[in-house]
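Here is what each chain is made of, one letter per residue.
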Amino acid sequence: MNVVIIGSGYVGLVTGCCLAEVGNIVTCVDHDTKKVAALAAGRLPFYEPQLGQILGAQLAKGLLKFETSMASAVANADVVFLAVGTPSNADGSADLSNLLACARALGDAIPSHCVIVVKSTAPVGTGDRIEEILNASVRQADANDGIRVACNPEFLAEGRAVHDFRCPDRIVIGANDAYSSAVLEQLYTPFDTDGQRTMLMDRRSAEFAKYACNCMLAARISMINELSSLAGTLGADIASTCRVLRADPRIGASYLQPGVGYGGSCLPKDLSALIDLAQRAGEPAHMLRSIERVNVGQRQRLLKAICDYFGGGLRGRRLAIWGLSFKPDTDDVRASPSVALIRDLVQEGANVNAYDPVARPAAQAALGNVSVGFGQSAMAVCEQADALIVMTEWDEFKSPDLDRLATTMRGHMVFDARSIYKTKVLQQHGLHHYRLDQIMSVSGEPVVNRPRMSADRGYRGMLPQAESPAV
Ligand SMILES: NC(=O)c1ccc[n+]([C@@H]2O[C@H](COP(=O)([O-])OP(=O)(O)OC[C@H]3O[C@@H](n4cnc5c(N)ncnc54)[C@H](O)[C@@H]3O)[C@@H](O)[C@H]2O)c1
């Protein structure tokens, strides 16, 4: 098929590359001229495993090309995907300006048989709005045929996007007409290897299902984080609790790792967009609002614990950060807890040095003129550091040379915001270990440097004291 994809970001580019790989003729359009030039030359504008090889191979075969002009690209299209960003407005609602601008620009340019597919995550009813825009602008003769707008939400995860697109666990096709459904079913046939993954539904249901999935994932993360805090305060071990939870098939094993909370370009904005939709519909959305509150609270608790550990202030403290991206295997720093924490630490007067295997350029751009140093290696940023804060669970951070770490650092504290270390192991190397469940209290009182109240019998031991200032 002749496929056009508008928007060459994480979703649009992966979609374009993978559709070209199975034999479609794909044109990717983006209004970012620099990005288009890089892609046309075979250079990826962001980090995504495996994508570079597919890009090179499909460019060489002539099945994939890149353009900035939408009108010329769509002239012969059978399917046009809209995969542009839908970030949050200041009030939390989804900013649809890119998406609607594309619909307006498509106008007369699309051929009459073409199916317009919204791949961007967009609120329920967006397909209706796009249909209206197109119906108002296409040639009357074509309009008689009817404009076809479908919704095909994307479920890939950055860092494993190629795998997720090639082997999807579900292919959701939301269409209000049989032709659109049939075209999309045919396009996705190579990816539905057992014929069980395609889910046909009406457009609004598909739009809603995407939000429901992301909110469910966010809910699990906030739930395990809240349980983790509570476990720590009550003297229970969250790791043991997680083993019990994972063994229950009704609960399932994924998304049960306590940590500093979710970030990235999807969960935060999709949750707030659904809260906005609920509010407009007069629904209270109690659960959705709590998910968000718990998530924001995680980062605040971490910051508070770090400040408490150093006796209230961070002025002159040298802090090392491992990980800048919102999760491993991507350079995406949108809504990254690490970037947000760095801003807060610098504001508190800390001297921050950060390392990430791939996300440094993106983080540097996001942090702008925030005064932060970046190192070439994980160990380099720990030189004379008063504490290490591990913010992203990249593989290379999971088993570091702990003896070297202990001698490289000036202090001995490791704030493990992703629960990747074992306390005993760090202690064997002279390092102290704080996980989020160990440093929070239900009352919000500082618990570092103080005995902690157990649920039933007074106190359960002292946590290590902060090293005295060495500045
Ligand atoms: N990133 C993910 O993991 C992921 C997963 C599933 C769904 N989604 C959804 O997919 C959509 C795209 O996300 P993304 O992460 O790929 O975004 P992105 O910001 O990486 O890419 C969007 C691209 O669209 C281009 N663009 C914006 N407006 C344009 C216009 N008018 N004309 C041409 N190009 C334009 C931008 O230049 C950019 O290259 C969003 O709605 C997102 O919620 C993202």
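Each value, and the rule that gives it
Residues numbered from 1 in each chain as written. Predicted model: local features only at pLDDT ≥ 70, side-chain atom pairs only at ≥ 80, totals over all residues. Heavy atoms only, no water. Domains from an automatic or database assignment. Contact = heavy atoms within 4.5 Å. Buried area = accessible area lost by both parts, 1.4 Å probe. Salt bridge = Lys/Arg side-chain N within 4 Å of Asp/Glu carboxyl O. Polar contact = N/O pair within 3.5 Å; in protein donor to acceptor, adjacent residues only side chain to side chain. Helix = DSSP H or I, 4+ residues; strand = E, 2+ residues; numbered from the N terminus. Nonpolar A, V, L, I, M, F, W, Y, C, P; charged D, E, K, R; others polar. Pairing = 2+ DSSP bridges. UniProt positions renumbered as here; feature names shortened; annotations may be inferred. Buried < 20%, exposed > 50% of the residue type's maximum accessible area, 1.4 Å probe, protein only. Axes fitted to C-alpha atoms, helices over the stretch in contact; angles between N-to-C directions. Left-handed = near helix turned anticlockwise from the far one by under 90°. Phe/Tyr/Trp six-rings, centres within 6.5 Å; stacked < 30°, edge-to-face > 60°. Lys NZ or Arg CZ within 6 Å of the ring centre and 35° of its normal. Near = heavy atom within 4 Å. Areas by Shrake-Rupley, 256 points an atom, 1.4 Å probe, with all protein chains shown as cover.

Some details on the domain arrangement of the chain
Each assigned domain of the chain is listed with its residue range as follows: domain 1 (2–201) and domain 2 (202–471). Taking only C-alpha atoms into account, the centre of domain 1 sits 34 Å from that of domain 2. Listed by partner, the interface residues are 35 residues for domain 1 and 27 residues for domain 2. Regarding the contact of domain 1 and domain 2, the summed buried area is about 2600 Å², with carbon and sulfur atoms giving 55% of it. Of all residues in domain 1, the largest losses of buried area upon contact with domain 2 belong to Tyr47, Val124 and Glu158, amounting jointly to 25% of the total for that side. Our count for the domain 1 to domain 2 interface comes out at four salt bridges. For arginine 204, the salt bridge goes to aspartate 128, with nearest N and O atoms at 2.9 Å. Our count for the contact surface shared by domain 1 and domain 2 stands at 16 residue pairs in polar contact (both at pLDDT 80 or more). Counting only elements with at least two residues in the side of domain 1 that touches domain 2, the list comes to helix H6 (126–137), strand S6 (148–151) and strand S7 (171–174). Here the element with the most residues in the side of domain 1 that touches domain 2 is H6; it accounts for four residues. Of the residues that constitute the side of domain 1 that touches domain 2, the class distribution is 18 nonpolar, 11 polar and six charged.

Let's talk about the sheet that holds strand S14 (residues 432–435)
Pairing is parallel in the open sheet, where six strands are placed in the order S11-S10-S9-S12-S13-S14. The two strands at the open ends of the sheet, each matched to only one other strand, are strand S11 (373–374) and S14. Note that strand S9 (residues 318–322) and strand S10 (residues 351–355) share five bridges and pair parallel. By the bridge assignment for S10, tryptophan 322 is matched with tyrosine 355.

Observations concerning the UniProt feature "binding site: substrate" (unreviewed entry) in the chain
UniProt records the feature "binding site: substrate" (unreviewed entry) for Phe155, Leu156, Ala157, Glu158, Lys210, Tyr255, Leu256, Gln257, Pro258, Gly259, Gly263 and Lys327 in the present numbering. For the residues just named, distributed over 173 residues, the greatest C-alpha separation reaches 24.0 Å, placing them at more than one site. What makes alanine 157 partly exposed here is its relative accessible area of 24%. Other than its neighbours up to four places away in sequence, alanine 157 contacts Asp164 and Lys327. When its relative accessible area of 6% is taken as the criterion, lysine 210 is described as buried. There is a polar contact of 2.7 Å between the side chain of lysine 210 and the backbone oxygen of glutamate 154.

Let's talk about the side chain of lysine 119
Among the secondary structure elements, lysine 119 is positioned in the loop between strand S5 (115–118) and H6. A residue is classified by how much of its surface remains accessible, and lysine 119, at 2% relative accessible area, is buried. Beyond its immediate chain neighbours, meaning those up to four positions away, lysine 119 contacts Val11, Thr15, Phe81, Leu82, Ala83, Asn152, Pro153, Glu154, Phe165 and Tyr188.

Comments concerning the packing of helix H12 (residues 267–280) against helix H13 (residues 286–309)
Relative orientation and spacing of two packed helices are given, respectively, by the angle between their axes and the distance between those axes. The geometry of H12 relative to H13 is characterised by a closest axis approach of 10 Å and an angle of 150 degrees between their N-to-C directions. In terms of crossing hand, the pair formed by H12 and H13 is left-handed. Of the residues in H13, those in contact with Pro268, Leu271, Ser272, Leu274, Ile275 and Gln279 of H12 are Leu288, Arg289, Ile291 and Glu292. By residue class, the composition of the contact of H12 with H13 is six nonpolar, two polar and two charged.

Quick notes on the packing of aromatic side chains
Within this structure, the stated rule accounts for 10 aromatic pairs. On the basis of an interplanar angle of 85 degrees and a centroid distance of 6.1 Å, the ring pair of tyrosine 309 and tyrosine 434 is categorised as edge-to-face. Linking tyrosine 309 in helix H13 with tyrosine 434 in strand S14, this pair joins segments that are 125 residues apart in sequence. Accessibility classification places tyrosine 309 together with tyrosine 434 in one group, the buried group. Linked through ring pairs, Tyr309, Phe310, Phe415 and Tyr434 together constitute an aromatic cluster. Stacked on the ring of phenylalanine 155, the Lys or Arg arginine 170 has its end atom at 4.1 Å from the ring centre.

So, the site of the ligand
In the vicinity of the ligand, 26 residues are found, and the nearest of them are Asp30, Lys35, Thr86, Glu158 and Lys269. Measuring from an oxygen atom of the ligand, one finds a side-chain N or O atom of aspartate 30 at 2.6 Å. Protein contact buries 89% of the 830 Å² of open area that the ligand shows by itself. Mapped by element, the contributors of at least two residues to the shell around the ligand are helix H1 (10–21) and helix H5 (97–106).

So, the pattern of salt bridges
The final tally for this structure, using the stated rule, is 23 salt bridges. A salt bridge links arginine 203 to aspartate 128, with the shortest nitrogen-to-oxygen separation between them at 2.6 Å. Here the residue arginine 203 occupies a position in helix H10 (residues 203–234), and aspartate 128 occupies one in helix H6, the gap between them amounting to 75 residues. The exposure class assigned to arginine 203 is buried, which follows from its relative accessible area of 2%. Note that glutamate 158 is salt-bridged to arginine 334, the shortest N-O span being 3.8 Å. Placement of glutamate 158 in the loop between S6 and helix H8 (161–166) and of arginine 334 in the loop between S9 and helix H14 (337–347) is noted, with a sequence separation of 176 residues between them. Owing to a relative accessible area of 42%, arginine 334 belongs among the partly exposed residues under this scheme. Salt bridges here are not isolated pairs; linked through shared partners, they connect Asp128, Glu131, Arg203 and Arg204.

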